[in-house]
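# Residue-level structural notes
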Amino acid sequence: MSTGRALHLRGVQKTYVSGDRTVDALAPTDLDVEPGEFVCLLGASGCGKSTLLQLVAGLEPATSGTITVDDTPVEGPSSDRVLLFQDAALFPWLTVEDNVAFGLKHSTRPVDDQRQVARDWIARVHLRGFEGAYVHQLSGGMRQRVALARALATDPSMLLMDEPFGALDALTRDRLHEELESLWAATRKTVLFVTHNVREAVALGDRVLVFSPRPGRIVADVRVTLPRPRALEDVAVMQQAADLMKVLRRALDATTDDSRIEA
Ligand code: ADP
Ligand code: MG
């Protein structure tokens, strides 16, 4: 199993150009993430968080700067860096098992092995018994579990998660936090996790990077050393979230719509 790799950004900047409109989405950014670190990216809508994830995923080229994973420059997408979204993006015409096995198709493993790996991951995300189910038969939380199993089955070194639990109810989100934390502890993948929820960032992260609005900049890099496992309702989590909220508010321009920030 591959454990997490280190990530390095040097002067990474992104300007989108469409027609005569340009958007400076990300100011020149330096960032070092250690192998196996869980890093949360926190900021209001439009701060360039998703942009940073897309650049690391290799789905968008940086306008300038370099991104390296260990010592290898990122030059395009790779199955070593998987992106997970709020919308689990599963194939509705495939069963749970086929969805999870899908990413393994190009592996050199024999098909029987691929099936076994898929079933193992389905069990690890607590969906044993749902191997033959279709997406429309699953709740939102179950779909995110399938997406997580599909991502981990390919044994990437890095998980890039873009507000993956944003659409879930609070109880389901709590459960998924616990499960993600324990899967991360067991696999030691490097995780970049985007959220606009301050408590979620504190509950999950080893570090929280606070972004300011356009062009997005990292204005604070806060270490969270609270013991794990953590829960959203832990007093210490709430206290650190309150402190972080102040940092975030300072980072927000008075004119910026911060309605999507949740304490
Ligand atoms: P966040 O994820 O923090 O909400 P994004 O990275 O999605 O922010 O967006 C940052 C800025 O870049 C926003 O102003 C957004 O409108 C703009 N943007 C994002 N993607 C594109 C794109 N493909 N083309 C043009 N502008 C974009
Ligand atoms: Mg986004």
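Since the model is a prediction, treat every value here as computed from it, not as a measurement. (Residues numbered from 1 in each chain as written. Chains lettered and ligands numbered in written order. Predicted model: local features only at pLDDT ≥ 70, side-chain atom pairs only at ≥ 80, totals over all residues. Heavy atoms only, no water.)

### What to know about the overall build of the protein chain
Counting secondary structure elements, the protein chain contains seven helices and 10 strands. For 263 residues, the compact-globule estimate of 2.2 N^0.38 gives 18 Å, and the protein chain sits close to it at 18 Å. Principal-axis analysis of the C-alpha atoms places the extent of the protein chain at approximately 55 × 45 × 35 Å. Every one of the 263 residues in the protein chain was classed for burial, and the buried ones make up 52%. Taking contacts inside the protein chain between residues at least 6 apart in sequence as the whole, the part at least 24 apart equals 70%. Within the structure as shown, the protein chain displays about 12300 Å² of accessible surface, and the carbon and sulfur contribution to it stands at 51%. The positive charge centre, built from 30 side chains, and the negative charge centre, built from 36, are 1 Å apart in the protein chain. (Helix = DSSP H or I, 4+ residues; strand = E, 2+ residues; numbered from the N terminus. Rg over C-alpha atoms; globule rule 2.2 N^0.38 Å. Buried < 20%, exposed > 50% of the residue type's maximum accessible area, 1.4 Å probe, protein only. Contact = heavy atoms within 4.5 Å. Areas by Shrake-Rupley, 256 points an atom, 1.4 Å probe, with all protein chains shown as cover. Lys, Arg positive; Asp, Glu negative; His and termini not counted. Charge placed at Lys NZ, Arg CZ, Asp CG, Glu CD.)

### Considerations on the site of ligand 1
In the vicinity of ligand 1, the contacting residues are Tyr 16, Val 23, Ala 25, Ala 44, Ser 45, Gly 46, Cys 47, Gly 48, Lys 49, Ser 50, Thr 51 and Arg 214. Measuring from an oxygen atom of ligand 1, one finds a backbone N or O atom of Cys 47 at 3.0 Å. In the environment of ligand 1, an oxygen atom lies 2.8 Å from a nitrogen or oxygen atom belonging to the side chain of Ser 50. In the complex, the protein chains occlude 68% of the 560 Å² of accessible area that ligand 1 would expose alone. Where the shell around ligand 1 is concerned, the elements lending two or more residues are β2 (21-33) and α1 (49-57). (Near = heavy atom within 4 Å. Polar contact = N/O pair within 3.5 Å; in protein donor to acceptor, adjacent residues only side chain to side chain.)

### Quick word on helix α7 (residues 235-251)
For α7, which comprises 17 residues, the first-to-last C-alpha distance of 24 Å matches the rise-based estimate of 24 Å (1.5 Å per residue) to within 8%. The complete set of buried residues in α7 reads Val 237, Gln 240, Ala 241, Leu 244, Met 245, Leu 248 and Ala 251. End-on view of α7: buried residues confined to an arc of 155 degrees, all on one side of the axis. Relative to its buried face, α7 has exposed residues pointing more than 90 degrees away, namely Val 235, Gln 239, Lys 246 and Arg 250. Those residues of α7 that are buried are in contact with β3 (38-42), α6 (198-204), β9 (207-212) and β10 (217-223). (Expected span 1.5 Å × (residues − 1). Arc of directions from axis to C-beta.)

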